[in-house]
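# Geometric and topological summary
Each chain, letter by letter, is given below.
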Amino acid sequence: LYSVDISRSANQVYNVLKEAINKVTQYIFWESKREFFQKTFELDTTNTSDVGINIYRLVAHEFSQTGKVDTSAKKTIFGQIYHQLGDNYPDFFKTEMDNKSFDVKFIGEGAVDGGGVFRETIAQLCEELQSHVLPLFIKTPNNKNNVGNYREKWTINPAATSHLHLKFFEFLGGLMGQAIRSRNYLELSLPNLFWKLLKGQEPNSQDLEEVDRLQMKHLDDLVAMDQKGIDNFDWVSITEEKFVAILSDGSEKEIKQGGREIHLSFSNRKEYAELVIKTRIHEAQLQINHIRKGFLRVVPECILEMVNHEELERMVCGVVEIDIDILKKLSLIHI
């Protein structure tokens, strides 16, 4: 049991309670959590039945064939929704469970949105996010190099730092929040590192390996040099690296002040490895902060405190893996 000294500042009391919740949340049954979430959402649900969004799918499709990047998000479905909802998206995304956040009209098409058109729009939006047409996400190094595990994953583009791009990330956070509230899931393939950062949990080197296996192998080899019989005398002929990390987009970033002038040596190799891991894990922290900002405009922070990163991913993206036992129960086998 935890005791809280209420004579302390409000911020100190909050931090103590936050730590206590994080430690006991793994022992709370999922059904109990879900019931709590539903009751919490009912307190600030917004009726959006009269909100309509016009989507020009032909424009989005024709742009996707050009090979260009929609940096201002004027052509894509994602951008069309963003520009129509604007900064008031929380009013539209705080929906009841199993309801759509807005009505969709495909301009030039005869579809009527009974729910299917909305879900198709969300699916196409997710395809855009995980493609070349938007600048927000890029393939992980494992994906690009076809090595390691989780080769299908995408990661945040560290270079997407403009004011407009950060607003897009905030809007994406709002979309993630609506996915949780409405159960209209987002088909996003993002690594554990992303979900841990969104929750506020510190990732580790294994999480980075799931994103960039070659980077971690290189660092592991550097740290283990002494075990291979290599000492300071042999070092000069091995590497001429500086205290600079190569990010997921291929750009360089100093891992400490003046890093471009600091040579990697046998004696500082462990410090180098630690700093590279830290830099790579947090290479998109700015964007994560904006996603979290948008998320918390739609979903109360207590929801994040009560779930682990795997539950958070499942709440946003739905169940990714197929349960074989359930599949067998629902299947009819004809011999």
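Look a little higher up for the structure.
Keep in mind it's a predicted model, so treat the numbers as computed, not measured.

### Notes on the overall build of the protein chain
If you tally the helices and strands in the protein chain, you get 16 helices and 6 strands. Evaluated residue by residue, the protein chain yields a buried proportion of 45% over its 335 residues. A separation threshold of at least 6 residues defines the contact pool for the protein chain, and within that pool the share at least 24 residues apart is 68%. Total accessible area computed for the protein chain in this model is approximately 18300 Å², and 52% of it derives from carbon and sulfur atoms.

### Observations regarding the environment of Asn-142
Here Asn-142 is to be found in helix H7 (residues 141-145). Taking the relative accessible area as the measure of exposure, Asn-142 reaches 0% and is therefore buried. For the pair Asn-142 and Ser-248, spaced 106 residues apart in sequence, the C-alpha to C-alpha distance is 9.8 Å. Not counting chain neighbours up to four residues away, the residues in contact with Asn-142 comprise Val-147, Gly-148, Asn-149, Arg-151, Glu-209, Glu-210, Val-211, Asp-212 and Arg-213.

### Let's talk about the pairing of strand E2 (residues 103-106)
Burial of the side chains of E2 is restricted to one face: Val-104 and Phe-106 are buried, whereas none of Asp-103 and Lys-105 on the reverse face is. Sheet analysis places strand E1 (residues 52-55) next to E2, joined by 4 bridges and oriented parallel. Bridged to Ile-55 within E2 is Phe-106.

### Points about the side chain of Glu-313
Inspection of the secondary structure puts Glu-313 in helix H15 (residues 309-317). Despite its burial, Glu-313 pairs with no opposite charge; the closest candidate is Lys-153, at 4.2 Å N-O. Contacts of Glu-313, omitting those with residues within four sequence positions, involve Lys-153, Leu-190, Asn-192, Trp-195 and Gly-318.

### Looking at the pattern of salt bridges
Counted by the stated rule, this structure contains 25 salt bridges. A salt bridge links Asp-87 to Lys-167, with the shortest nitrogen-to-oxygen separation between them at 3.5 Å. Taken together, the positions of Asp-87 in the loop between helix H4 (77-85) and helix H5 (89-93) and Lys-167 in helix H8 (residues 163-182) put the pair 80 residues apart, joining distant regions of the chain. Owing to a relative accessible area of 42%, Asp-87 belongs among the partly exposed residues under this scheme. On the basis of relative accessibility, which here comes to 24%, the residue Lys-167 falls in the partly exposed class. Arg-297 is the salt-bridge partner of Glu-170, the closest N and O atoms lying 3.2 Å from each other.

### Brief notes about helix H3 (residues 57-64)
Each α-helix turn comprises 3.6 residues. Residues three or four places apart therefore point the same way. Looking only at H3, the buried set comprises Arg-57, Ala-60 and Phe-63. Mapping the buried residues of H3 onto a view down its axis gives an arc of 130°, with all of them on the same face. Looking at the buried positions of H3, the neighbouring elements they touch are E1, H4, E2 and helix H6 (116-129).

### Remarks on the side chain of His-165
Considering the arrangement of structural elements, one finds His-165 in helix H8. With a relative accessible area of 12%, His-165 lands in the buried category.

### Some points on the packing of aromatic side chains
One pass over the structure, following the stated rule, counts 12 aromatic pairs. Both rings, one in Phe-93 and one in Phe-171, keep their centres 5.7 Å apart while their planes meet at 50°; by these two values the pair is tilted. Of this pair, Phe-93 sits in helix H5 while Phe-171 is found in helix H8, placing the two residues 78 residues apart along the sequence. Across the pair, exposure class does not vary: Phe-93 and Phe-171 are buried alike. Between Phe-102 and Phe-118, the ring centres sit 5.0 Å apart and the planes meet at 75°, which makes this aromatic pair edge-to-face. Linking Phe-102 in the loop between H5 and E2 with Phe-118 in helix H6, this pair joins segments that are 16 residues apart in sequence. For Phe-102, a relative accessible area of 1% corresponds to the buried category. Connected via pairs of aromatic rings, a cluster forms that spans Phe-78, Tyr-82, Tyr-89, Phe-93, Phe-168 and Phe-171. The positively charged end of Arg-269 is found above the aromatic ring belonging to Phe-266, 4.2 Å away from the centroid.

### Let's talk about the nonpolar core
Core analysis: the biggest nonpolar cluster contains 78 residues, and Leu-85 and Met-176 have the highest contact counts within it. Considering each element in turn, this core owes the most residues, 9 residues, to H8.

Criteria and thresholds
- Residues numbered from 1 in each chain as written.
- Predicted model: local features only at pLDDT ≥ 70, side-chain atom pairs only at ≥ 80, totals over all residues.
- Heavy atoms only, no water.
- Helix = DSSP H or I, 4+ residues; strand = E, 2+ residues; numbered from the N terminus.
- Buried < 20%, exposed > 50% of the residue type's maximum accessible area, 1.4 Å probe, protein only.
- Contact = heavy atoms within 4.5 Å.
- Areas by Shrake-Rupley, 256 points an atom, 1.4 Å probe, with all protein chains shown as cover.
- Pairing = 2+ DSSP bridges.
- Lys, Arg positive; Asp, Glu negative; His and termini not counted.
- Salt bridge = Lys/Arg side-chain N within 4 Å of Asp/Glu carboxyl O.
- Arc of directions from axis to C-beta.
- Phe/Tyr/Trp six-rings, centres within 6.5 Å; stacked < 30°, edge-to-face > 60°.
- Lys NZ or Arg CZ within 6 Å of the ring centre and 35° of its normal.
- Core = buried A, V, L, I, M, F, W, Y, C linked by side-chain atoms within 4.5 Å.

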